[in-house]
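Fold and geometry: a report
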Amino acid sequence: MSSRIELLNAGLLRSDGRRPYELRTIAINFEAQGTADGSVTYSHGLTQVRVSVLGPHEAKPGTRRETFHDRAILNVEVQLAPFGVGERRRRGRGDKRLLELAASIKSTFEPVVQTHLYPRSTIDIFIHVLQLDGGLLPACINASTLALATAGIPLFDFVCAISGGVHGTQPLLDLTTVEENDVPSVVVGVMPRTGRVTLVQMETRLHMDRFEEVFRVACDAGKVLWSEMRDALREQTGDLVDKLEAGPGMALQTKDV
């Protein structure tokens, strides 16, 4: 059933006022979350996720048989806040949709995280979806990239993901929930420095000719996201360095007083 909202008007403006290739606003907050080694709250438009990374750490006694002698394993868990989505159904940890989402995120990062540096250990990625308006998988991937980096876990490259679709013959980038429900869509995850693609997920049919165009613009959008994510991470790292350098001086001043 098609949406009653006009997705693209005669002036090539979408229902939220964006152009076909225009991305939504991104907000990144690196505020610490509990005992997590790395954490980030990532907002992409009205979609907001919070990711906490713990590890690498020794595997729990009950899961040691699942570890590998030559590399670490990634454990990904996704939780959906009931107040942040527009559906009445409550999704628990065993929900099929959330398990599929976690599996996609895990397979995306397995070739990116340098797990060979941490044999017989586990890296936990906990994702809490606080608000949802399309682009859930890309938001989770982008936030996980930043959280892993702040946790000090070596990566071969960033992973930057974005959703795309086609309305008629016009490709669209960064789909909202309304657009995802109405147009054939695809999610592309790229490693911008190397140019490798680590994720292509498509749950609806899309003509091959249209797919090629959407794939190309999605890869270009990944580089734009990389620039914003890299700048945010550099700023966060710079703030930490400034605090470390100011620490001894502040301690001496306190002692003199």
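Residues numbered from 1 in each chain as written. Predicted model: local features only at pLDDT ≥ 70, side-chain atom pairs only at ≥ 80, totals over all residues. Heavy atoms only, no water.

Observations regarding the overall build of the chain
Put simply, the rule is: For helices the rule is a DSSP run of H or I covering at least 4 residues; for strands it is a run of E covering at least 2, with both sets numbered from the N terminus onward. Accessible area is worked out with a 1.4 Å probe on protein chains only. A residue is then buried under 20% of its type maximum, exposed over 50%, and partly exposed in between. Here a residue-residue contact requires only that any non-hydrogen atoms of the pair lie within 4.5 Å.
Check the secondary structure of the chain and you find four helices and nine strands. In the chain, the order of α-helices and β-strands from amino to carboxyl end is β-β-β-β-α-β-α-β-β-α-β-β-α. Across the 257 residues in the chain, those meeting the buried criterion constitute 44%. For the chain, long-range pairs separated by at least 24 residues make up 68% of all intrachain contacts whose partners lie at least 6 apart in sequence.

Some thoughts on the packing of aromatic side chains
Our working definition: Aromatic rings from Phe, Tyr and Trp, with only the six-membered ring used for Trp, were paired whenever their centres fell within 6.5 Å, and each pair was classed as stacked if the ring planes differed by under 30 degrees, edge-to-face if by over 60, and tilted otherwise. Throughout this description, the term charge over a ring refers to an Arg CZ or Lys NZ atom that lies within 6 Å of the ring centre and within 35 degrees of the ring normal.
Counted by the stated rule, this structure contains one aromatic pair. A ring pair is formed by F211 and F215, whose centres lie 5.8 Å apart and whose planes are at 25 degrees; its orientation type is stacked. With F211 and F215 both in helix 4 (residues 208–256), this residue pair falls four residues apart, about one helical turn. Note on F211: relative accessible area 18%, which makes it buried. Judged by its relative accessible area of 24%, F215 falls in the partly exposed class. The ring of F68 has R71 sitting right over it, with the charged end atom 4.0 Å from the ring centre. Of note, R230 hangs over the ring of W226, and the distance from its end group to the ring centre comes to 4.4 Å.

Some points on the sheet that holds strand 5 (residues 121–131)
Either a parallel or an antiparallel arrangement is found when strands of a sheet pair, and the pairing is made through backbone hydrogen bonds. So the rule is basically this: Strand pairing follows a simple DSSP-based rule, namely that at least 2 bridges must link the two strands. Angles shown run from 0 to 180 degrees and are taken between the N-to-C directions of axes, each axis being a line fitted to C-alpha atoms and, for helices, limited to the stretch in contact.
The mixed open sheet is built from five strands, whose spatial order is 1-2-3-5-4. Both outer strands of the open sheet, strand 1 (26–29) and strand 4 (73–80), are each paired with one neighbouring strand and no more. Neighbour-to-neighbour, the strand axes of the sheet open up by a mean angle of 15 degrees, direction not taken into account. Judged from the four bridges that link them, strand 1 and strand 2 (residues 38–44) form a sheet pairing that is antiparallel. Bridged to I26 within strand 2 is H44. Against the sheet, helix 1 (residues 96–109) engages strand 4 and strand 5, with an angle of about 145 degrees to strand 4.

A word on the confidence of the model for the chain
Our working rule: As a per-residue measure, pLDDT tells how confident the predictor is, with possible values from 0 to 100.
In the predicted model, the chain carries a mean pLDDT of 89, and the fraction of residues at 70 or more is 89%. Note on residues 250–257: pLDDT under 50 across the span, and zero contacts to partners over four residues away in sequence or across chains.

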